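# Geometric and topological summary
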Amino acid sequence: NFILDTGSGGISLDSTTVDYFRITPTPSDLTILGIAGVRKVSFIYNQKLRLPGLTVDSLNFHINNYDILTQVYGEKIDGIVGYSLLSRYIFKLDYDSSRISIFSNGRIKYPRGGWLYEPILRTLPVQTARIRDAVSSNSRFLFDIGAGLCMMLNKDFIEDSNFLDKKRVLYAKEAEGVGGKIDMHMTVIKEMRMGPYRFRNIPVFVFNDTFNITSYPYLSGIIGNDILRRFNLFLNYAKREFYFMPNSHYQDGFDYAYSGVELYYIDGEIILGDVAEKSPAEGAGLKEGDVLIGINNLLGQSLQQYKTVLQAAGQKIKMIISRDGQLMEFSFKIKSIL
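Fair warning: this is a prediction, and the values are worked out from it, not measured in the lab.

Criteria and thresholds
- Residues numbered from 1 in each chain as written.
- Predicted model: local features only at pLDDT ≥ 70, side-chain atom pairs only at ≥ 80, totals over all residues.
- Heavy atoms only, no water.
- Helix = DSSP H or I, 4+ residues; strand = E, 2+ residues; numbered from the N terminus.
- Rg over C-alpha atoms; globule rule 2.2 N^0.38 Å.
- Buried < 20%, exposed > 50% of the residue type's maximum accessible area, 1.4 Å probe, protein only.
- Contact = heavy atoms within 4.5 Å.
- Lys, Arg positive; Asp, Glu negative; His and termini not counted.
- Charge placed at Lys NZ, Arg CZ, Asp CG, Glu CD.
- Pairing = 2+ DSSP bridges.
- Core = buried A, V, L, I, M, F, W, Y, C linked by side-chain atoms within 4.5 Å.
- Patch = residues over 30% accessible without salt bridge, like charges linked within 9 Å, V, L, I, M, F, W, Y side chains within 5 Å.
- Areas by Shrake-Rupley, 256 points an atom, 1.4 Å probe, with all protein chains shown as cover.
- Salt bridge = Lys/Arg side-chain N within 4 Å of Asp/Glu carboxyl O.

## Topic: the overall build of the chain
Along the backbone of the chain there are 7 helices and 28 strands. At 21 Å, the chain has a C-alpha radius of gyration in line with the 20 Å of a compact globule built from 338 residues. In terms of its C-alpha atoms, the chain occupies a principal-axis envelope of roughly 60 × 55 × 40 Å. With 338 residues in all, the chain has 49% of them scored as buried. For the chain, restricting intrachain contacts to residue pairs at least 6 apart in sequence, the fraction spanning at least 24 positions comes to 60%. Considering the chain, the positive charge centre built from 38 side chains and the negative charge centre built from 36 side chains are found 8 Å apart.

Here it is, written out as structure tokens:
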């Protein structure tokens, strides 16, 4: 299982996958940078990646530990496919059919009804977008289909531009990335525009860019996949062209729900991670490390089903957990940040 990620400058494998296949990586002094840290990585060189109908050779995989991604997705994540593969072909991402098509580089006629972007493209795609809240700003953002959120905004950008009203309420939130976990805050901004496309009332994460992944002020943040999945995309790295066509998800509502609790799948159990201070979950008495048994009438080990239930802003839920071997029930109302 690989994540396709425009926010990755290479291609990688999970360290446990490498151990399983008894592959011996070569140490290096190179590092990778994530929102939560910097890690030194080893490599396996000159490998092949086999996809249905396509074999790609001469790939250098760096090795990283993706336990946190496996815990977040609820299934084993074996690696991330980024620039090393994306740059060799034209990729079409069809979110309507959940299908990825890969074409050889060359001339291509894009379908009608979309918009052509010409991002700044070295290894990672950077695009200008206009965002508006207390003030308006034309800013550069990383296009990151590997980020499962709408947008992330650099805290330094927020403070330097006075982008948010000083009285704005920010909600504590834990997020996950390649480098691990990081504490952020959530809020909603009034508008974001990319070319002819405009979205209103967008949930965003505000983060302290300790490891300078945005090289602020070069980038003000990240545009993630909960925006980008609303388009069917052509990624044409050779021509430095990204072509966007609105799809059936374009009008989907945004997730404004706030419970204040994170869920992770660990060793066959769904575990409560960070419980945010002053959140509905904390107010109900939930604690980090509690084992989730069920929510409402839903029982079982489906991480994604539970996460979907927790997106029902305004709903009151009952959560059954196991703590120190005892079953306990907690009730709280899922808050809306809108």
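Anyway, onward from the coordinates.
## Here we look at the pairing of strand β27 (residues 326-333)
With 8 bridges joining them, strand β26 (residues 316-323) and β27 adopt antiparallel strand pairing. In the strand pairing of β27, R323 is matched with Q326. In textbook terms, the turn of a hairpin is the stretch between consecutive antiparallel strands, and for β26 and β27 this stretch comprises 2 residues, one of which, D324, has a positive phi near 55°.

## Remarks on the nonpolar core
In this structure, M151, M194, I202 and F244 are the most contacted members of the largest nonpolar core, which totals 69 residues. Leave out the neighbours within four places in its chain, and M151 touches I131, F141, I189, M192, I202, P203, V204, F205, I222 and I223. Counting residues in each nonpolar core, the second largest holds 19 residues, with A257, L263, L286 and L310 among its members.

## Overview of unusual backbone geometry
The phi torsion of most residues other than glycine is negative, and most of the peptide bonds are trans. Going from Y216 to P217, the amide bond is cis rather than trans, its omega being 15°. Here P217 is to be found in the loop between β17 (197-207) and β18 (221-223). A positive phi angle, near 55°, is found at N201, a position not held by glycine. Residue placement: N201 occurs in strand β17.

## Overview of a nonpolar patch on the surface
The grouping of Y20, F21 and I23 at the surface amounts to a nonpolar patch, some 370 Å² of accessible area in total. With respect to the helices and strands, F21 occurs in the loop between α1 (15-20) and β3 (31-34). Under the relative-accessibility criterion, F21 is labelled exposed at 56%.

## Quick word on the pattern of salt bridges
According to the stated counting rule, one finds 12 salt bridges in the structure shown. Across the salt bridge formed by E191 and R132, the nearest N and O atoms sit 3.7 Å from each other. On the criterion of sequence distance, the pair formed by E191 in strand β16 (residues 180-194) and R132 in strand β12 (residues 125-132) is long-range, its members being 59 residues apart. A salt bridge links R229 to D226, with the shortest nitrogen-to-oxygen separation between them at 2.6 Å. The burial state of R229 is the same as that of D226; both residues are buried. Where salt bridges share partners, they join R132, E191, R198 and R200 into one cluster.

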